[in-house]
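Each chain, written out:
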Amino acid sequence: MARALAAAAAHSSSSLFTSAAVPTTLFRRRLNFKSVIHVSKPTSMSYHNPTIEVIGDLLVPQLTTLKRPYNPYPLIGWNCHVETIFAAWFRTLPEVKFKRVCLRSKDGGSLALDWVAGDVSKLSVDAPVLILLPGLTGGSEDSYVRHMLLRARSKGWRVVVFNSRGCGDSPVTTSQFYSASYTEDIREVVRHVTSRYPEAKLYAAGWSIGANILVHYLGQESDACVLSGAVSLCNPFDLVIADEDFHKGFNNVYDKALASSLCKIFKKHAPLFEDMGGEFNIPLAASAKTVREFDDGITRVSFGFKSVDDYYSYSSSSNVIKNVRIPLLCIQAANDPIAPSRGIPYEDIKGNPNCLLIITPKGGHLGWVAGEEAPRGAPWTDPLVMDFLQNLESNAESHTSSSSNRKNENVYQSTDQMDHLKV
């Protein structure tokens, strides 16, 4: 443990997280069936293991994975920093061959979608589609993304990774990256996937800032959302609180690492930002030592915010989760150093029958080194995520089948009536 922590401290630049296991991602790294899936849980029955905290009743009796205990892996899983760094450096990186499709957004930006090669011919056109949103500076090269991808594919799902502007080696074609609350890009991605697979149900899962963006999108779309369900993992929720904690103790290591990664992307596309006037502070962004400095120099100006605090306050997905109208599973770790538990909007989640919140006692950030595949395999959360999503898909199929049967009955009845009239 000491060696891992020492190595992390010595590599507080982007090299801290450039291994195969989610390096630079500590912040990254259509049920058209609109009726609310709400299950009343009898007080005399327990559907989940007491080692995890469950807030909400959504699908709880159907989620068999909730009966599993959360047992942190010995030594690794008992310290949030050790677990976070271990998962980043030593979690296995599954081999996946991708086929990239680049979309051009309305403002000229480039959005890179990585589809699994060969799935076009292997899967039916109505196979459910899962859109994955990695965290800050993250992409399809990250370990936690690939583990989730392979688990979904093993269940017959089609998966696509949405690499935000500049991430996952995607091109930057405008002088604008992305922000924690900018949802036009994910909106464009959803439109594209919907048009490509109109017969399929769409779902989405996001990690860290990717989760924050996803929940923002769900809240903005509200009743008009075409996704059938979604999952949010290690979401910082309240970015003001997350920013406060980001500058405390060992968290400074993560802050410097992410800032370095942002600077690397920025410098790679520096010519696009030459001669930028107004409030842009290009030198500050180019040499930022913290994520806050980068956001002050570039992000908050690009998206029209007066200050970084104004940007963080507006961009907190805790503001909009009460407006979510599709089934949403949120999974958090109580000891997450980057997505503090005190920032979780407990009351708004508890008051929204469309939401289910699972809190594990340990897990770190993007860690969750527990379960059958620990320590180097898939996170403890992956089976739970797929359990939730597959139950949504099964309920949707049952609803569609029932609706179809009722429609056929009406058709037969109408036909009988017409025949009677003819007689």
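Residues numbered from 1 in each chain as written. Predicted model: local features only at pLDDT ≥ 70, side-chain atom pairs only at ≥ 80, totals over all residues. Heavy atoms only, no water.

Undergrad: How should I be thinking about the overall build of the protein chain in this particular structure?
TA: Of the regular secondary structure elements, the protein chain holds 13 helices and nine strands. Within the protein chain, buried positions represent 58% of all 423 residues. Just so you have it, the protein chain exposes about 17,000 Å², and 53% of that area is on carbon and sulfur atoms. (Helix = DSSP H or I, 4+ residues; strand = E, 2+ residues; numbered from the N terminus. Buried < 20%, exposed > 50% of the residue type's maximum accessible area, 1.4 Å probe, protein only. Areas by Shrake-Rupley, 256 points an atom, 1.4 Å probe, with all protein chains shown as cover.)

Undergrad: Just checking my understanding: could you explain the nonpolar core for this structure?
TA: Nonpolar side chains in soluble globular proteins tend to be buried together. Membership of the largest hydrophobic core comes to 64 residues, with the highest contact counts inside it found for Ile131, Leu218 and Leu227. Ignoring any residue separated from it by four or fewer positions in sequence, one finds leucine 218 in contact with Cys225, Leu227, Ala230, Asn323, Val324, Ile326 and Leu328. Ile52, Cys234, Ala333 and Leu389 belong to the second-largest nonpolar core, a separate cluster that totals 42 residues. (Core = buried A, V, L, I, M, F, W, Y, C linked by side-chain atoms within 4.5 Å. Contact = heavy atoms within 4.5 Å.)

Undergrad: Where do I start with unusual backbone geometry in this structure?
TA: Among all residues save glycine, negative phi is the norm, and among peptide bonds the norm is trans. Alanine 374 connects to proline 375 through a cis peptide bond whose omega is 5°. You will see that serine 208, though not glycine, has its phi angle at about 55°, which is positive. Turning to its location among the elements, serine 208 is positioned in the loop between strand 6 (202-207) and helix 6 (209-221). For serine 222, which is not a glycine, the phi torsion comes out positive at approximately 50°.

Undergrad: For this particular structure, what's the right way to read the packing of helix 8 (residues 251-268) against helix 10 (residues 291-302)?
TA: At a closest axis distance of 8 Å, the pairing of helix 8 and helix 10 adopts a crossing angle of 35°. Here Asp255, Leu258, Ala259, Leu262, Cys263 and Phe266 of helix 8 lie close against helix 10, whose contacting residues are Val291, Phe294 and Ile298. When the residues that make up the contact of helix 8 with helix 10 are grouped by side-chain class, the tally is eight nonpolar, no polar and one charged. (Axes fitted to C-alpha atoms, helices over the stretch in contact; angles between N-to-C directions. Nonpolar A, V, L, I, M, F, W, Y, C, P; charged D, E, K, R; others polar.)

Undergrad: So what exactly am I meant to see when it comes to helix 10 here?
TA: For an α-helix the count is 3.6 residues per turn, leaving residues at separations of three or four pointing the same way. By the criterion of burial, helix 10 is predominantly enclosed, with nine of the 12 residues buried. Glycine 304 sits one or two residues past helix 10 and shows a positive phi near 80°.

Undergrad: Please clarify how the pairing of strand 5 (residues 158-163) should be interpreted in this entry.
TA: A regular strand places its side chains so that they alternate between the two faces of the sheet. With six of six residues buried, strand 5 is to be regarded as a mostly interior element. Covered by surrounding structure in strand 5 are Arg158, Val160 and Phe162 together with Val159, Val161 and Asn163, the residues of both alternating faces. As paired strands, strand 3 (residues 110-116) and strand 5 are joined by four bridges and run antiparallel to one another. Residue pairing across strands places leucine 113 opposite phenylalanine 162, the latter belonging to strand 5. Across four bridges, the pairing between strand 4 (residues 129-133) and strand 5 is parallel. Bridge pairing in strand 5 places leucine 130 opposite valine 159. (Pairing = 2+ DSSP bridges.)

Undergrad: Is there a simple way to explain the environment of threonine 194 in this structure?
TA: Tracing the backbone shows threonine 194 in helix 5 (residues 184-196). Distance from threonine 194 to valine 129, taken between C-alpha atoms, is 9.3 Å for residues 65 residues apart in sequence. Among the polar contacts made by the side chain of threonine 194, one reaches the main-chain carbonyl oxygen of valine 190 at a distance of 2.7 Å. (Polar contact = N/O pair within 3.5 Å; in protein donor to acceptor, adjacent residues only side chain to side chain.)

Undergrad: Explain the pairing of strand 6 to me, please; I cannot follow it from the model alone.
TA: Of all six residues in strand 6, six are buried; the element is thus mostly enclosed. Residues Leu202, Ala204 and Gly206 point to one face of strand 6 and Tyr203, Ala205 and Trp207 to the other, with burial holding for every one of them. Examined bridge by bridge, strand 4 and strand 6 share five bridges and lie parallel to one another. Looking at the pairing, leucine 130 lines up with tyrosine 203 of strand 6.

Undergrad: In this structure, what is going on with the side chain of arginine 151? I would like to understand it.
TA: Mapped onto the elements of the fold, arginine 151 is located in helix 4 (residues 143-154). Separated by 2.7 Å, the side chains of arginine 151 and glutamate 373 make a polar contact. The contacts of arginine 151, once residues within four sequence positions are left out, are Glu373, Ala378, Asp382, Pro383 and Met386.

Undergrad: Just to check I follow, could you spell out the confidence of the model for the protein chain for this structure?
TA: In low-pLDDT regions, the fine details of the predicted coordinates are not to be read closely. Predicted confidence across the protein chain gives a mean pLDDT of 86, with 83% of residues reaching 70 or more. Of the regions scoring below 50 in pLDDT, residues 1-44 engages in 166 contacts with residues more than four places distant in sequence or in other chains. (pLDDT = per-residue confidence, 0-100.)

Undergrad: How should helix 11 (residues 308-315) be read in this particular structure?
TA: Every buried residue belonging to helix 11 is among Val308, Tyr311, Tyr312 and Ser315, and all of these are buried. Across the axial projection of helix 11, the buried residues extend over an arc of 95°, all falling on one side. Close packing links the buried residues of helix 11 with helix 6, helix 7 (239-246) and helix 10. (Arc of directions from axis to C-beta.)

Undergrad: I would appreciate a short explanation of the environment of tryptophan 368 in the present structure.
TA: Among the structural elements, tryptophan 368 can be located in the loop between strand 9 (355-360) and helix 13 (381-422). On the basis of relative accessibility, which here comes to 2%, the residue tryptophan 368 falls in the buried class. Taking the C-alpha atoms as reference points, tryptophan 368 and glutamine 332, 36 residues apart in sequence, are found 9.7 Å from one another.

Undergrad: Help me understand the pattern of salt bridges, please; the structure alone is not making it clear to me.
TA: Proximity of charged atoms lets side chains of opposite charge pair with each other. For the coordinates displayed, the defined rule picks out 17 salt bridges. Of the charged contacts, one joins arginine 165 and aspartate 185 as a salt bridge, the two residues approaching to 2.9 Å between their closest N and O atoms. Here arginine 165 is found in the loop between strand 5 and helix 5, whereas its partner aspartate 185 is found in helix 5, with 20 residues between them in sequence. In terms of burial, arginine 165 and aspartate 185 fall into one category: buried. Taking the shortest distance from any N to any O, the salt bridge between arginine 300 and aspartate 296 comes out at 3.2 Å. Of this pair, arginine 300 and aspartate 296 both sit in helix 10, four residues apart, which is roughly one turn of that helix. Judged by its relative accessible area of 30%, aspartate 296 falls in the partly exposed class. (Salt bridge = Lys/Arg side-chain N within 4 Å of Asp/Glu carboxyl O.)

Undergrad: Honestly, the packing of helix 7 against helix 11 in this entry has me stumped. Any pointers?
TA: Two quantities define a packed helix pair, namely the angle between the axes and the distance from one axis to the other. Across the interface, helix 7 lies against helix 11 with an axial gap of 7 Å and an inter-helix angle of 125°. By the angle between their directions, the pair helix 7 and helix 11 is classed as oblique. Along its contact with helix 7, which presents Leu239, Val240 and Asp243, the element helix 11 presents Tyr312, Ser313 and Ser315. In terms of residue class, the contact of helix 7 with helix 11 is made up of three nonpolar, two polar and one charged. (Parallel < 35°, antiparallel > 145°, perpendicular 65-115°, else oblique.)

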